[in-house]
Amino acid sequence: MKTDRRHFLQATAAAAVLGSVGVRPVRAQGGPLRIGLMLPMSGIGAEAGAAWLAGARVAVAQWNAKGGVLKRQVELVVRDDKFSSAGAVAAARELAGSGVNLLIGGSQSPMALATAPILPELKALMVAPCPTVMSLTHEGFQRNFFRLSWNAYIAFAGIGNMLTDRFKEVQTWSCIVPDSENGRDMARFFSVGVQRAAQKAGRTVKVLDPVFASLNKADYKVEINSLMNAPSQGLFVGLTAAPCISLLQQGRAVGMDRKFKVIGDAGTELMIAKAMQKSTPANLWSISYWVPGTEAGRRHAMSNALYEDYVKLTGDRNPPSIVQSSHRCALALFNGIEKAGGTDTDAVIAALEGLEFDTAVGRYHIRKEDHQGLGEAYIAQVGAREADPGYGIVDAIAYREADVAEPPSPGKPLSM
């Protein structure tokens, strides 16, 4: 069955306005346990927001089916962060003002950077599914904030290393990244990964100065022209979600997909293939949170349950990997609440520090020192396939984030 994506987005956006999602749970003793969820439910981030929402909804349904958390049914209270820093701050304040102190939000770096500093004031804590900017767990460390995803060093040095090792014919790389602190992290660490792989192989590989781009624009002609004129054979795209898709679609019109022998992507993966279908660039490799259906993905028992429950919820048989990132955030909170024996903010923070729990990608650990989560991640090849719906994950390489992560240094800038 094919997904009616427009209907799904409309339904989830409407539910967000009402303040809760899905079937309202049976009220157990003490009433439902309310978890705040701050996601982009409108604008250019809406499709990603729908995927994150689905992952959290699946986690809630799974735990409610087995009795809830501390024998209380879980209820999601959803607010639209509008894919903006101001929207995220407004959503956090509204949720905290209504008594919701346990939050899933800061889905990407700008929103996380805006909300993390105000969490102590709100007496709330937040677990974040996808922000990569390094300062969140270094010089900007906040005790009330937990990053349950790779950071820029883990992700972008990793994909730079892998692509350089695999595509030896690429001697020069171009990068296009957001014009932000996060974008500069992306370019910096991608270059680190490229140079490490090249040095190990005794090769010389060059990474050109990055092309910076806004996430809030529709026309990337100027940036594409710069990339087309660069003397490079490989491209790393640090734009994510709709901006990444727009760039690749517009670039295809002038042959950008033919110019580059390989394109690396910062995590949009299957969303690109869904939008571009058989026009998806060849040799598109993406950082990925979850690769269901592949040999790498089948190694973990919870992966199949997440996949089946996602399909049941949405009708979509090709979930974006970010579904797993929000599912994991919800699982972390549920396990932390049970370990703490309640929902007091300080008690749950203490319970999350050093927590280990099972996820759809295996065992996951939250470092006590800096609240950086570490588990298994993937570099996945995304492209056209003969099987329905005509696209999917073609290949995947797994790696342990703990093997490549930097040492913790909360309160201090990353030192390399």
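Residues numbered from 1 in each chain as written. Predicted model: local features only at pLDDT ≥ 70, side-chain atom pairs only at ≥ 80, totals over all residues. Heavy atoms only, no water.

Undergrad: How should the overall build of the chain be read in this particular structure?
TA: Across its full length, the chain carries 15 helices and 16 strands. Computed over C-alpha atoms, the radius of gyration of the chain comes to 20 Å, within 12% of the 22 Å expected from 2.2 N^0.38 for 416 residues, which places it in the range of a compact globule. Reported as C-alpha extents along the three principal axes, the dimensions of the chain are approximately 65 × 50 × 40 Å. Nonlocal contacts in the chain, meaning residues at least 24 apart in sequence, comprise 70% of its contacts between residues at least 6 apart. (Helix = DSSP H or I, 4+ residues; strand = E, 2+ residues; numbered from the N terminus. Rg over C-alpha atoms; globule rule 2.2 N^0.38 Å. Contact = heavy atoms within 4.5 Å.)

Undergrad: I'm lost on the sheet that holds strand 12 (residues 356-359) in this one. Help?
TA: Hydrogen bonds between backbone atoms are what pair the strands of a sheet, whose relative direction is either parallel or antiparallel. Within the open sheet, the 3 strands sit side by side as 12-13-14. Their pairing is antiparallel. Lying at the two open borders of the sheet, with one neighbouring strand each, are strand 12 and strand 14 (373-374). Taken together, the 4 bridges between strand 12 and strand 13 (residues 362-366) define a ladder with antiparallel strand orientation. Directly across from Phe 357, in strand 13, lies its bridge partner Tyr 364. Strands strand 12 and strand 13 of the sheet are contacted by helix 13 (residues 322-340), whose axis makes an angle of about 140° with strand 12. (Pairing = 2+ DSSP bridges. Axes fitted to C-alpha atoms, helices over the stretch in contact; angles between N-to-C directions.)

Undergrad: Would you mind going over the side chain of Thr 115 with me for this structure?
TA: Tracing the chain through its elements places Thr 115 in helix 4 (residues 109-115). In this structure, Thr 115 is in contact with Ala 88, Val 89, Ala 92 and Met 126, ignoring residues within four places of it in sequence.

Undergrad: What's the story with the pattern of salt bridges in this structure? I'm lost.
TA: Two side chains of opposite charge can pair, provided their charged atoms sit close to one another. Under the counting rule described, the total for this entry stands at 16 salt bridges. Of the charged contacts, one joins Arg 299 and Glu 376 as a salt bridge, the two residues approaching to 3.0 Å between their closest N and O atoms. Of this pair, Arg 299 sits in the loop between strand 11 (284-288) and helix 12 (301-314) while Glu 376 sits in strand 15 (residues 376-384); the two residues are 77 residues apart in sequence, bridging distant segments of the chain. In this structure, a network of salt bridges that share partners links the residues Glu 356, Asp 358 and Arg 363. (Salt bridge = Lys/Arg side-chain N within 4 Å of Asp/Glu carboxyl O.)

Undergrad: Any chance you could explain the nonpolar core here in plain terms?
TA: Ile 35, Phe 156, Phe 334 and Leu 352 are the most contacted members of the largest nonpolar core, which totals 116 residues. Element by element, the count of residues in this core is highest for helix 2 (residues 46-65), at 10 residues. With residues near it in sequence (within four places) discarded, Leu 352 still touches Leu 125, Val 127, Phe 146, Ala 332, Leu 333, Gly 336 and Ile 366. Among the nonpolar cores identified, the runner-up in size contains 19 residues, and Ala 91, Ala 96, Val 100 and Ile 118 belong to it. (Core = buried A, V, L, I, M, F, W, Y, C linked by side-chain atoms within 4.5 Å. Buried < 20%, exposed > 50% of the residue type's maximum accessible area, 1.4 Å probe, protein only.)

Undergrad: Hey, could you run me through helix 14 (residues 345-352) in this one?
TA: Owing to its 3.6 residues per turn, the α-helix aligns residues three or four sequence positions apart on the same side. For helix 14, the full list of buried residues reads Thr 345, Val 348, Ile 349, Ala 351 and Leu 352. End-on, the buried residues of helix 14 take up no more than an arc of 165°, which puts them together on one face. Looking at the buried positions of helix 14, the neighbouring elements they touch are strand 3 (102-104), strand 4 (125-128), strand 5 (145-147), helix 13 and strand 13. Of the residues flanking the start of helix 14, the one acting as N-cap is Asp 344, its side-chain oxygen 3.2 Å from the backbone nitrogen of Asp 346. (Arc of directions from axis to C-beta. Polar contact = N/O pair within 3.5 Å; in protein donor to acceptor, adjacent residues only side chain to side chain.)

Undergrad: Explain the pairing of strand 2 (residues 74-80) here, please?
TA: Both faces of the sheet carry side chains from a regular strand, because those side chains alternate between them. For strand 2, the tally of buried residues reaches 6 of 7 residues, placing the bulk of the element in the interior. Summarising the sheet, strand 1 (residues 33-39) and strand 2 pair through 7 bridges and their orientation is parallel. Within strand 2, the residue paired with Arg 34 across the bridge is Glu 75. In terms of handedness, the path from strand 1 via helix 2 over to strand 2 forms a crossover that is right-handed. (Right-handed = clockwise from strand over helix to strand, strands pointing away.)

Undergrad: Sorry, what's going on with the sheet that holds strand 2 here?
TA: The sheet built from 5 strands is open, its strands ordered 2-1-3-4-5 with parallel pairing. Edge positions in the sheet fall to strand 2 and strand 5, since each of these pairs with one other strand and no more. Ignoring which end each strand starts from, the neighbouring axes of this sheet average 25° apart. The sheet strands contacting helix 2 are strand 1 and strand 2, and the helix crosses strand 2 at an angle near 170°.

Undergrad: Looking at this model, I keep getting lost on helix 2. Mind explaining?
TA: Along its 20 residues, helix 2 runs 28 Å from first to last C-alpha, staying within 8% of the 28 Å computed at 1.5 Å per residue. Of all 20 residues making up helix 2, 16 are buried, and the element is well covered by its neighbours. Directly beyond the C-terminal end of helix 2, a positive phi value near 110° is found at Gly 67. (Expected span 1.5 Å × (residues − 1).)

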